[in-house]
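Chains, contacts and geometry: an overview
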Amino acid sequence: MYAVSEEYKQAIESPTRTVALTGEITLSNGASISFDDLNILAGSVTLSEQAVAGTDIEIGNVYMSEFKITFINSTFSQKHNFDKAVIRPLFSILINEEEDRWESVPLGVFHVVDPERMFATTALTCYDNMLILNEPREDKAVTGTVYEVLKYIEEDSGIELSNSESEIETFVNAQDTIMVPSAFDDIVSYRDLIGFLAQLLACFALIDRDGRLKLIRMQKEQVVRTIDTDRRLKTTISDYITGVSRLEMRMEDTVLVSEDDSFLGNRLELPFNPLFAQGDGDYRRQRLDNMLEEISQVRYMPCNVRFVGDPALQPGDWLSYTNGVADSPVESMLTHSLWKYRGDHQLQAVGKNPAIKESTDSNVSLPPSQIIQLTDYYYNYENLGDVTFNSNTSDLEIITILFSSSVDNYAFFHATINVEITEEEEAEEEGLLEFFYSINNVPEAVPLPKQTVRIGHHIIHLYLPIQVMENRSYLFRAHLKSNIRGVIPARHIQATINGQGLYAQSVEWNGIITASDFHAGFKLERKPMLLGSHATQVKTEIVDPIDIDLKPEWVPLEFNREGLLLGRHFDDLEARDVHYLFSEYQLNLSRQGLSLGTHITNLEGDQSNEI
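This one's a predicted model, so the numbers in the text were calculated from it and none came from an experiment. (Residues numbered from 1 in each chain as written. Predicted model: local features only at pLDDT ≥ 70, side-chain atom pairs only at ≥ 80, totals over all residues. Heavy atoms only, no water.)

Glancing now at the overall build of the chain. Helix and strand counts for the chain stand at six helices and 39 strands. The 611 residues of the chain split such that 47% are buried. For the chain, long-range pairs separated by at least 24 residues make up 74% of all intrachain contacts whose partners lie at least 6 apart in sequence. Carbon and sulfur atoms make up 48% of the accessible area of the chain, which totals about 30,900 Å². (Helix = DSSP H or I, 4+ residues; strand = E, 2+ residues; numbered from the N terminus. Buried < 20%, exposed > 50% of the residue type's maximum accessible area, 1.4 Å probe, protein only. Contact = heavy atoms within 4.5 Å. Areas by Shrake-Rupley, 256 points an atom, 1.4 Å probe, with all protein chains shown as cover.)

Written out as structure tokens, the structure reads:
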């Protein structure tokens, strides 16, 4: 619901109210004209909005709102060409008659797509800013969180995002890293991409009244308005509760299913989502389970209501209907809204009866010709923020791509990096940028790409063939080492890994456990031992394990010591720590002093190790 004051709510529910419709039209030539009730043909203004396309609860919809209005030609001083014009209508209501105070609700920002001029009138059919998002998107790969991808859409399309980052993070699956391929038949426009993101978040998207893109959760947070029987003109309420208890999504060679058998609900079959190509089967099912957990909370009694109208109501609002046909309060989510200026307002909450089951196809396997390995896939990376480095940078991670392979094959890494060197002081020698790679946290033993640079802009190209194995996941990273100061601006790293049978993987957990072994060091103390020219030495050595093998055992300490010899000999003590990776141990070394006259040698040591 558009944010309004309490005075507005009281005025809109009053049996008698004074309203007005005004607005501004920006023509394609840049000229601006205003209009009011005197220019409008009575009964011609309608606003149609909806959250779902069909007759049941759905997710991932990006419906385009429609505004219609007919002007009286004679009321304008001259003839206007409304083709491709932008119209901003404004509904106003008198909230205080004595003070002549009005409150306004914007109806949206609309683009004229179908002007029809007749002798006396001109009828305009307009669509909101979703029309701009329906244009073909730039053929560019994008990698980032859901919010980062939405901000990328905002930047490229010019349509502002209404949701804040903290608000987006409350949606399911919002913490996932999204990898949008540069070219995909199902993601032609920004609207397509928003639809797949909304499906992943188990919500729907629309353009709000200020012309901004907004993603809306469907579960009930609060009832925004109660409509009593004396305000309703017609009411139809179903006797069943609708909801979704089963989600199905057809993937490349199977059908993903998530089901909640705790209540009787409908089956919602989702179209293939290319963003679901990321990850293995378990990860995809977890995403689907998260979506079902969200959408299964949306349950209500379907209804169809006509009442005196309130243009502040929007799809996704929860409304309560009381008295009359509603013996007890009925709460439903608004899925369709058709508002008429100075007319009635039709509200719908659609949903099918879950007791009437649809037939399902139990054969979930597809023909072998559709196996994923026959397709050449591209998974890409683009830095969404600036990457800075300086003369002390030794291991800066600049590219991360997580992917898996369904076949034994080769994958190919390509990257183009635009670097700006900003070193202020003139260096005696040229700066040096070194790049190295790691796969699953293991450095790649390949010749390291190096580039000498000076102050200014440089383009660096990287390439690496990667041998991949069937049904394995790979975490690829590219690192930078530098002896000079510089920056890689946002979106100036364009990288891709392509090959047959590849698919993207989640960054939450990839089957790889990374462990590090930290030695706090030995504390060694001894008292000098002198007997003539006789000296003593203590030597300690830590031998790192070569074979990283997770075994719940470790080799005991080995002590080798040569005897004490008089004369110009040395007393050597060697402590060698040879161990495998384990969770925690304590090492304490103590030895009684060696006595030879007044000669004493002491050794104390302890070690604490944590992983």
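Soluble globular proteins tend to bury their nonpolar side chains together. With 73 residues, the main nonpolar core has Ile153 and Leu213 as its most contacted residues. For this core, the leading source of residues is helix α5 (residues 190-200), giving seven residues. For Ile153, the residues in contact, after removing those within four places along its chain, are Leu133, Gly158, Tyr190, Leu193, Ile194 and Leu197. Judged by nonpolar contacts, the second largest core, of 37 residues, contains Tyr381, Ile398, Ile421 and Leu462. (Core = buried A, V, L, I, M, F, W, Y, C linked by side-chain atoms within 4.5 Å.)

The tally for this structure, following the rule as stated, stands at two cavities of 30 Å³ or more. Lining the second largest cavity are Glu49, Ser65, Leu107, Gly108, Val109, Phe110, Asp128, Ile207, Asp208 and Arg209. Of the residues in the lining of the second largest cavity, the class split is four nonpolar, two polar and four charged. (1 Å grid on protein atoms, 1.4 Å probe; cavity = no way out; pocket = protein on both sides within 12 Å on 5 of 7 lines; lining within 4 Å. Points joined across faces, edges and corners; volume = space filled by probe spheres on them. Nonpolar A, V, L, I, M, F, W, Y, C, P; charged D, E, K, R; others polar.)

This part is about the environment of Ile484. With respect to the helices and strands, Ile484 occurs in the loop between β31 (472-482) and β32 (486-488). Between the alpha carbons of Ile484 and Glu423 there is a distance of 6.2 Å; along the sequence they are 61 residues apart. What Ile484 contacts, discounting residues up to four positions off in sequence, is Phe389, Asn390, Ser391, Ile421, Glu423, Gly431, Leu433 and Val453.

Within the structure shown, the criterion is met by 23 salt bridges. Glu154 serves as the salt-bridge partner of Lys151, at 2.7 Å between the closest nitrogen and oxygen. Taken together, the positions of Lys151 and Glu154, both in helix α3 (residues 146-157) and three residues apart, correspond to about one turn of that helix. Each of Arg246, Glu248, Glu259, Arg267 and Glu269 takes part in one network of salt bridges that share partners. (Salt bridge = Lys/Arg side-chain N within 4 Å of Asp/Glu carboxyl O.)

All right, on to the sheet that holds strand β13 (residues 223-228) then. The three strands are arranged β13-β19-β20 in an open sheet whose pairing can be described as mixed. A strand with exactly one partner marks an edge of an open sheet, and here the two such strands are β13 and β20 (326-333). In this sheet, neighbouring strand axes are inclined to one another by 20 degrees on average, regardless of whether the strands run parallel or antiparallel. When β13 meets strand β19 (residues 318-323), the two strands line up parallel, connected through five bridges. By the bridge assignment, Ile227 is partnered in β19 with Tyr321. (Pairing = 2+ DSSP bridges. Axes fitted to C-alpha atoms, helices over the stretch in contact; angles between N-to-C directions.)

With that out of the way, let us pick up the sheet that holds strand β15 (residues 244-250). The mixed open sheet is built from three strands, whose spatial order is β16-β15-β17. With partners counted over all chains shown, the strands left at the sheet margins are β16 (255-259) and β17 (266-270), one partner each. Between one strand axis and the next, the sheet turns by 20 degrees as a mean value, whatever way the strands run. The pairing of β15 with β16 spans five bridges and is antiparallel. Opposite Glu248, over in β16, you have Val257 as the bridge partner.

For the largest pocket, the calculated volume is near 670 Å³. Surrounding the largest pocket, 30 residues form its lining, Met1, Lys214, Ile216, Glu221 and Asp317 being those nearest its centre. Elements with a minimum of two residues in the lining of the largest pocket: β12 (213-217) and β13. The element that contributes the greatest number of residues to the lining of the largest pocket is β12, accounting for four residues. Here the lining of the largest pocket is built from residues that sort into twelve nonpolar, seven polar and eleven charged.

A word on the packing of aromatic side chains. One pass over the structure, following the stated rule, counts 13 aromatic pairs. The interplanar angle of 25 degrees and the centroid separation of 5.2 Å between the aromatic rings of Phe67 and Phe110 together place this pair among those described as stacked. With Phe67 in strand β4 (residues 66-72) and Phe110 in strand β7 (residues 110-117), this pair connects stretches of sequence that are 43 residues apart. In this structure, Arg217 is placed above the aromatic ring of Phe171, and the distance from its NZ or CZ to the ring centre is 5.9 Å. Cation over ring: Arg299 sits above Phe263, and NZ or CZ is 3.9 Å from the ring centre. (Phe/Tyr/Trp six-rings, centres within 6.5 Å; stacked < 30°, edge-to-face > 60°. Lys NZ or Arg CZ within 6 Å of the ring centre and 35° of its normal.)

What follows covers α3. Given a rise of 1.5 Å per residue, twelve residues ought to cover 16 Å, and the 16 Å separating the end C-alpha atoms of α3 matches this to within 8%. Buried within α3 are the following residues: Val146, Tyr147, Val149, Leu150, Tyr152, Ile153, Glu154 and Ser157. Elements that come into contact with the buried residues of α3 comprise α2 (130-133), β9 (142-145), α4 (165-168), β10 (177-180), α5 and β12. Gly158, located one to two residues past α3, shows a positive phi value of around 85 degrees. (Expected span 1.5 Å × (residues − 1).)

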